Amino acid sequence: MDVYSFIYGLPVLLAEGLISYEIFKERNVKKYIDYERKKEKEYFTSKAQFMNDLLSYQLKDYIPKPTTIHSCSSSTAEKIKEEIRRLNNNQELESLLDKILDYIPVEYLGNLIRNIKTLEILHEKPINNSIIFRSLGCYYCNKNIIYLPPLGIINTLSHEFLHAASSFYKDGLSISGFSIGNKYGKYFSGLNEGYTEVLNSRIFGFENNGYTSCYKICLLIELLFDNYHDMEQAYFCNNTDLLIETFLKYGTKDEFVYIIEYLDVFATTIPEVEEMEAVISLLKDIISRTNNPDKIIRCEELTREEQKKI
């Protein structure tokens, strides 16, 4: 898509933006959740059903674990680079790949090894997709395509490349990092986008400039892990079970659902101050239950920084 085509499509984008804004300006979390999940009448119809289906680990058989992912030889990195060289933005991608391989053990990159063979990168996006109103780029798990704006931005490419490195599609189920999507809806999207930004900053060195509220909350959730690398590896292997099990060592199912639902909303709106404060306050309380001085001190540091900005 050239610049002129993009400008020509702006009226459509603005119209979609106004529709989204009608929801956005309501500033009511419950209404927004109801709107986002209105198609799920036959599935996840209540908080109890949500917990039973997502917190009883009924999806675990769909999700590949490190032991079932492709075996990886010493030549794996070069094979991935060969696949990357056929893509648009191949020089930037090769640089990003080097940083991922330096940071994440290759045995946790089975999704990347599989997806890179058919991955496409397009500098255009469907005009009728409202995600363009909220995002500079997007990754479609079911098509294995990264869409970028006409004038690509490297930290947008890196964010979407992390999605491609942590996603798979099977039997109508889209799994991307920690998020789970099917025809009824998408769950854990706020958690997934926020943690993608954590890794975008940590692995590639980019300053956070997207999904900021989710990013800050994910840094607190990560403190529940004794080793933060476990959460990183769980992200790349779609090990939502480990995330849930770790949270439930210190928090309750109701608290988990509360935080996840707010994160899903925060991914598409700017939270009110009291909304953000409520989630942070709850997480501070949960982290205090670890009785780990280092975690509690780090939590205080992160929340103190947030308080200065509120």
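Residues numbered from 1 in each chain as written. Predicted model: local features only at pLDDT ≥ 70, side-chain atom pairs only at ≥ 80, totals over all residues. Heavy atoms only, no water.

### A short note on the packing of helix 10 (residues 189-204) against helix 11 (residues 212-222)
The relative placement of two packed helices comes down to the angle between their axes together with the axis-to-axis distance. At a closest axis distance of 8 Å, the pairing of helix 10 and helix 11 adopts a crossing angle of 85°. Classed by the angle they form, the pair helix 10 and helix 11 counts as roughly perpendicular. Contact with helix 10, carried on its side by Gly190, Leu191, Gly194, Tyr195, Glu197, Val198, Ser201 and Arg202, involves Cys214, Tyr215, Cys218, Leu219, Ile221 and Glu222 of helix 11 and no other residues of that element. Grouping the constituent residues of the contact of helix 10 with helix 11 by class yields eight nonpolar, three polar and three charged. (Axes fitted to C-alpha atoms, helices over the stretch in contact; angles between N-to-C directions. Helix = DSSP H or I, 4+ residues; strand = E, 2+ residues; numbered from the N terminus. Parallel < 35°, antiparallel > 145°, perpendicular 65-115°, else oblique. Contact = heavy atoms within 4.5 Å. Nonpolar A, V, L, I, M, F, W, Y, C, P; charged D, E, K, R; others polar.)

### A look at the pattern of salt bridges
All chains considered together, the criterion is met by seven salt bridges. For the salt bridge of Glu232 with Arg202, the shortest nitrogen-to-oxygen distance reads 2.8 Å. With a gap of 30 residues between them, Glu232 in helix 12 (residues 228-236) and Arg202 in helix 10 connect regions that are remote in the sequence. Taking the relative accessible area as the measure of exposure, Glu232 reaches 1% and is therefore buried. For Arg289, the salt bridge goes to Glu255, with nearest N and O atoms at 2.8 Å. Residue Arg289 is found in the loop between helix 15 (273-288) and helix 16 (293-309), and its partner Glu255 is found in helix 14 (residues 253-266); the two are separated by 34 residues along the sequence. One network of salt bridges, with partners in common, ties together Arg202, Glu222 and Glu232. (Salt bridge = Lys/Arg side-chain N within 4 Å of Asp/Glu carboxyl O. Buried < 20%, exposed > 50% of the residue type's maximum accessible area, 1.4 Å probe, protein only.)

### A closer look at the pairing of strand 6 (residues 179-182)
Inspection of the sheet shows strand 5 (residues 173-176) paired to strand 6 by three bridges, in the antiparallel sense. Of the residues in strand 6, the one forming a bridge with Ser174 is Gly181. A loop of two residues connects strand 5 with strand 6, the two strands running antiparallel in sequence, and Gly177 in this loop sits at a positive phi of about 60°. (Pairing = 2+ DSSP bridges.)

### Details of the sheet that holds strand 5
Spatially, 4-5-6-7 is the arrangement adopted by the four strands of the open sheet, whose pairing is antiparallel. This sheet does not close on itself; its edge strands, each paired only once, are strand 4 (167-170) and strand 7 (185-187). Each strand of the sheet is rotated relative to its neighbour by a mean of 15°, with strand direction disregarded. Judged from the four bridges that link them, strand 4 and strand 5 form a sheet pairing that is antiparallel. Its bridge partner lying in strand 5, Lys170 is registered against Leu173.

### Here's the deal with helix 10
A rise of 1.5 Å per residue sets the reference length of helix 10, with its 16 residues, at 22 Å; its end C-alpha atoms lie 21 Å apart and thus fit the reference within 8%. In terms of residue burial, helix 10 counts as a mostly covered element, since 14 of its 16 residues are buried. Residue Gly205 follows helix 10 closely and has a positive phi angle near 80°. (Expected span 1.5 Å × (residues − 1).)

### Section: the sheet that holds strand 1 (residues 120-122)
Pairing in this open sheet of three strands is mixed, and the strands run 1-3-2 from one edge to the other. Here the strands that pair on one side only, and so sit at the sheet edges, are strand 1 and strand 2 (138-140). With direction set aside, neighbouring strand axes in the sheet form an average angle of 20°. Bridge analysis of strand 1 against strand 3 (residues 145-147) gives three bridges, and the strand direction is parallel. In the strand pairing of strand 3, Glu120 is matched with Ile145.

### Considering the state of the cysteines
Inspection of the entire model under this criterion finds zero disulfides. Take Cys218: it sits in no disulfide, and the sulfur closest to it among the cysteines is that of Cys214, at 6.5 Å. Taking the relative accessible area as the measure of exposure, Cys218 reaches 0% and is therefore buried. (Disulfide = S-S within 2.5 Å.)

### With respect to unusual backbone geometry
Although it is not a glycine, Phe188 sits at a positive phi angle of roughly 65°. Relative to the assigned elements, Phe188 resides in the loop between strand 7 and helix 10. Its identity is not glycine, yet Asn238 carries a phi of approximately 55°, on the positive side. Examined against the element boundaries, Asn238 turns out to sit in the loop between helix 12 and helix 13 (240-247).

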